[in-house]
Amino acid sequence: MSQAGMEAGTPPKKSAPRRTLTAFQHMKRDRQLLILFIPCFLFYLIFRYGPLYGLLIAFKDYSVFTGIIESPWVGLKHFINFFSGPDFWKLFKNTLILGVSSMVFSFPFPIILAILLNEVRVRWFKKSVQTISYLPSFLSVVIISSMVIDFLSPNNGMINQLLAVFGFEGKYFLIDPNWFRPIYIASDIWTHTGYEAIIYMAAIAGISPSLYEAAKVDGAKRRHMIFNITIPSLMPTIIIMFVLKTGSLLRIGYEKVLLLYNPMTYDVADVFSTFVYRKGLLEANYSYAAAVGLFEALVAMVLLLSSNYMSRKLGGKGLW
Amino acid sequence: MVKKFSMNNISLFSVVNAIILTCLAIITIYPILYITSVSFSDTAAVLQGRVALFPVGFNLDAYAQVLKDARIPRAYMNTIYYTALGTTINLLFTAIAAYPLSRAGFFGRRFFMVAIILTMFLNPGIIPNYLIVQELGMIDTVWALVLPNAIWTFELIILKSFYENMSEGLREAAVVDGASEYRILFQIMIPLSKPALASIGLFYFMGHWNSFFIPLIYLNDSTMYPLQVVLRDMLIFSESSNNTNLVDASALAPQSMKNATIVLAMIPVLLIYPFAQKYFAKGVMLGSEKG
């Protein structure tokens, strides 16, 4: 046993001994490590690459009784149905609008919060505000949605009570299609601002203090320093965060959509993922739903890959 | 630090800044406070809308009523079970996978890393994932909740780079002493990576505790439902059916009952929050440094 340990451990230093090993010898040398790696290997094989095989049903007429293999091939039937039907444009539009608008509207908030926090000189105050700011990101999407529904409830909800105080008519916000997107985005900002500010706080902490000292000597005021030092120094981080966010534009928080939407707001709220869930799992229309899902996955992949490429070009880190 | 700014300058700027940040903090925490206050307030005050920030009166009836419903205690137990089992499996799988991958000469390292990273870009979607779980016969079992997400690629990469940056010296000393790879991992690497494991574990923990969609699609047996799914049934579905679900014959305000339910679900998270938040920030940082 100890012999094996020696063998496995000794040559970690770069490639020198590796060149002389055959694959078999190499595996034998690393057998303990390989044994440790088995669960991971199986996990990725079964649960990350396995589903690719399940994608076949997008080109078949799958039913639970015939199984994946036996179901008849139908080629691109489901794709053609999807693209020529009314669903495609609605989903495409909704996903894009919700993704783009929630990104654009929520993007500045963490930056502003980080800059304001950075200007606080009283430590306990800074710490308290920051600690409070990421409390919402610990709450589940169900709790957040419940709070939204509770606040907007037509019977006795907080917002409607407030409206009544000022003499406005009460309103059932959640069944009004015009209100769906603002509600979704506002609750997103409330949830994620503090958490996303952490990254900007760290970037600010990395700015050289000598810049500020030099500015101080030159008599710069704090607002000058914010606009001439802090923000320009943050720019690379901001750009990279923006590019990476563009990449995951389609990854909408569909769980929240699922919790907040209802048949009255389907027209604006329904996105690819919620549609796939309803068609596939609730209506058992597996093949059609898988085709829609595959289309979404491909678009998402192209977006993600190009944003990663961009981010690396800009000198930042990609996802890996 | 403060002294170096001119007095005039600091007072105006700092005061405005402090006011803005205080407002932001209030906006952040207000919904949580309000929900809690309503759940403890007198029924009459709730119905008349007299609760603004702090509880009006004190009243635990809403909690008594909610806990009478067998679903909540059961869902609590389910969630605790799924979270404990799930987080344990997550951490174990991630650690034993990150260690070999962190070793420079590990057999097939490059190939495995590429294959693992590719999965971050390629997500085949809900239906194919569902079919795999179904084919494996895991529907309505706890395994459907813990195995399909046993390793989060992002956390795996974080831990792998953490191990890569650990000192070679310790490991080499252990090798000289004849320690096997298993011993090195479990008696040296894992104990030394506790801070990283705590951050990663926190994300896994939150993932399980707050998980809603996965149990929703993989569990049909309602006695197996975790807290989040039961909450959805009680809080969100009942809204559309006009509150008949919770209220029954009680003289309680529907608002109180709902909010008591929300508070019960938030309590564990709020309890761990003071301890967890520092690991949380650390985890976000680890992720952004080496992702």
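Residues numbered from 1 in each chain as written. Chains lettered and ligands numbered in written order. Predicted model: local features only at pLDDT ≥ 70, side-chain atom pairs only at ≥ 80, totals over all residues. Heavy atoms only, no water.

Q: Help me get a handle on the overall build of chain A, residues and values and all.
A: Counting its secondary structure elements, chain A contains 17 helices and 0 strands. Relative to a compact globule of 320 residues, whose C-alpha radius of gyration would be 20 Å, chain A shows 26 Å and is clearly more extended. Projected onto the principal axes, the alpha-carbon positions of chain A cover approximately 75 × 60 × 35 Å. Burial statistics for chain A: of 320 residues in total, 51% are counted as buried. Counting only contacts in chain A whose residues sit at least 6 apart along the sequence, the fraction spanning at least 24 positions is 62%. When the accessible surface of chain A is totalled, it reaches about 15500 Å², and 69% of it is carbon and sulfur. In chain A, the 30 positive side-chain charges and the 18 negative ones have mean positions that sit 12 Å from each other. (Helix = DSSP H or I, 4+ residues; strand = E, 2+ residues; numbered from the N terminus. Rg over C-alpha atoms; globule rule 2.2 N^0.38 Å. Buried < 20%, exposed > 50% of the residue type's maximum accessible area, 1.4 Å probe, protein only. Contact = heavy atoms within 4.5 Å. Areas by Shrake-Rupley, 256 points an atom, 1.4 Å probe, with all protein chains shown as cover. Lys, Arg positive; Asp, Glu negative; His and termini not counted. Charge placed at Lys NZ, Arg CZ, Asp CG, Glu CD.)

Q: I'd love a proper account of the packing of aromatic side chains, names of residues and values included.
A: Enumeration over the complete set of coordinates arrives at 46 aromatic pairs over all chains. Judged by centre distance (6.4 Å) and plane angle (70°), the ring pair of Y76(B) and W209(B) falls under edge-to-face. Taken together, the residues span a long stretch of sequence, with Y76(B) in helix α4 (residues 71-102) and W209(B) in helix α11 (residues 194-209) at a distance of 133 residues. Considered together, Y76(B) and W209(B) belong to a single accessibility category, that of buried residues. A connected cluster of aromatic rings, assembled from ring pairs, spans F82(A), F83(A), F88(A), W89(A), F92(A), F272(A), F275(A), Y288(A) and F295(A). (Phe/Tyr/Trp six-rings, centres within 6.5 Å; stacked < 30°, edge-to-face > 60°.)

Q: Please give an account of unusual backbone geometry that cites residues and values.
A: Phi at A284(A) takes a positive value of approximately 55°, unusual for a residue other than glycine. Mapped onto the fold, A284(A) is located in the loop between α16 (272-282) and α17 (286-313). With phi around 65°, D140(B) is a residue other than glycine that occupies positive phi space. Inspection of the secondary structure assignment puts D140(B) in the loop between α6 (126-135) and α7 (143-146). Overall, the relative accessible area of 28% leaves D140(B) in the partly exposed class.

Q: I'd like to hear about the UniProt feature "domain: ABC transmembrane type-1" (unreviewed entry) in chain A, residue by residue, with values.
A: As recorded in UniProt, the sites labelled "domain: ABC transmembrane type-1" (unreviewed entry) are residues 92-307 of chain A. Between the first and last C-alpha atoms of residues 92-307 of chain A the distance is 20 Å; the span itself is 76% helix and 0% strand. (UniProt positions renumbered as here; feature names shortened; annotations may be inferred.)

Q: Report on the interface of chain B and chain A, specifying residues and quantitative values.
A: Of the residues lining the interface, 111 residues belong to chain B; the matching set on chain A comes to 107 residues. Summed over both partners, the interface of chain B with chain A comes to about 9900 Å²; 73% of that surface belongs to carbon and sulfur atoms. When the buried area of chain B at its contact with chain A is split by residue, F107(B), F121(B) and Y273(B) rank highest and sum to 8% of it. Across the contact surface, chain B and chain A share 0 salt bridges. (Buried area = accessible area lost by both parts, 1.4 Å probe. Salt bridge = Lys/Arg side-chain N within 4 Å of Asp/Glu carboxyl O.)

Q: An account of the UniProt feature "transmembrane region" (unreviewed entry) in chain B is needed here, citing residue identities and associated values.
A: As annotated in UniProt, the feature "transmembrane region" (unreviewed entry) corresponds to residues 12-33, 80-99, 111-131 and 260-276 of chain B in the numbering used here. Taken end to end, residues 111-131 of chain B has its terminal C-alpha atoms 27 Å apart, with 67% of it in helix and 0% in strand.

Q: Help me get a handle on the side chain of S133(A), residues and values and all.
A: Within the secondary structure layout, S133(A) lies in helix α8 (residues 123-133). By relative accessible area, which is 8% here, S133(A) ends up buried. Polar side-chain contacts of S133(A) include one of 2.7 Å to the backbone oxygen of Q130(A). Setting aside anything within four residues of it in sequence, one finds S133(A) in contact with L113(A), G194(A) and T28(B). (Polar contact = N/O pair within 3.5 Å; in protein donor to acceptor, adjacent residues only side chain to side chain.)

Q: Outline the domain arrangement of chain B, supporting the account with residue identities and numerical values.
A: Residues and elements named next belong to chain B. What the domain assignment reports for chain B is domain 1 (1-59) and domain 2 (63-291). On the side of domain 2, 11 residues touch domain 1, which itself brings 9 residues to the contact. Across the domain 1/domain 2 interface, buried area totals approximately 850 Å², and carbon plus sulfur atoms make up 74% of it. For the domain 1 face of the interface with domain 2, the top three residues by lost area are I35, S39 and T43, together amounting to 48%. Where domain 1 meets domain 2, there are 0 salt bridges. Linking domain 1 with domain 2 are 1 residue pair in polar contact (both at pLDDT 80 or more), by the criterion used here. Secondary-structure elements contributing two or more residues to the side of domain 1 that touches domain 2 are α1 (7-40) and α2 (43-47). Ranked by residues supplied to the side of domain 1 that touches domain 2, first place goes to α1 with 6 residues. Residue composition of the side of domain 1 that touches domain 2, by class: 6 nonpolar, 3 polar and no charged. (Domains from an automatic or database assignment. Nonpolar A, V, L, I, M, F, W, Y, C, P; charged D, E, K, R; others polar.)

Q: For the packing of helix α9 (residues 168-176) of chain B against helix α10 (residues 181-192) of chain B, give the residues involved together with the corresponding values.
A: Residue and element names in this part refer to chain B. Where α9 contacts α10, the two axes come as close as 10 Å, and the packing angle between them is 150°. Of the possible angle classes, the one that applies to α9 and α10 is roughly antiparallel. For the pair α9 and α10, the crossing hand works out as right-handed. Where α9 abuts α10, its residues L170, R171, A174 and V175 lie against E181, I184, I188 and L192. (Axes fitted to C-alpha atoms, helices over the stretch in contact; angles between N-to-C directions. Parallel < 35°, antiparallel > 145°, perpendicular 65-115°, else oblique. Left-handed = near helix turned anticlockwise from the far one by under 90°.)

Q: Outline the nonpolar core, listing residues and values.
A: Ranked by internal contacts, the top residues of the largest apolar core, which has 187 residues, are F180(A), I127(B), L156(B), Y163(B) and F212(B). Ranked by residue count, the leading element in this core is helix α15 (residues 254-289) of chain B, at 15 residues. Shared between two domains, this core takes at least three residues from each, and those domains are domain 1 (1-59) and domain 2 (63-291) of chain B. (Core = buried A, V, L, I, M, F, W, Y, C linked by side-chain atoms within 4.5 Å.)

Q: Now, about helix α7 (residues 108-118) of chain A: what can you tell me, with residues and values included?
A: Because an α-helix packs 3.6 residues into every turn, residues spaced three or four apart end up facing the same way. Burial runs high along α7(A): 8 of the 11 residues are buried. Of all the positions in α7(A), only P110(A), I111(A), L113(A), A114(A), I115(A), L116(A), L117(A) and N118(A) are classed as buried.

Q: Requested: an account of a nonpolar patch on the surface, with residues and values cited.
A: On the surface, I35(A), I38(A), F41(A), L42(A), L45(A), I46(A) and L136(B) cluster together to form a nonpolar patch covering roughly 590 Å² of accessible area. With respect to the secondary-structure elements, I46(A) resides in helix α3 (residues 31-54). For I46(A), a relative accessible area of 32% corresponds to the partly exposed category. (Patch = residues over 30% accessible without salt bridge, like charges linked within 9 Å, V, L, I, M, F, W, Y side chains within 5 Å.)

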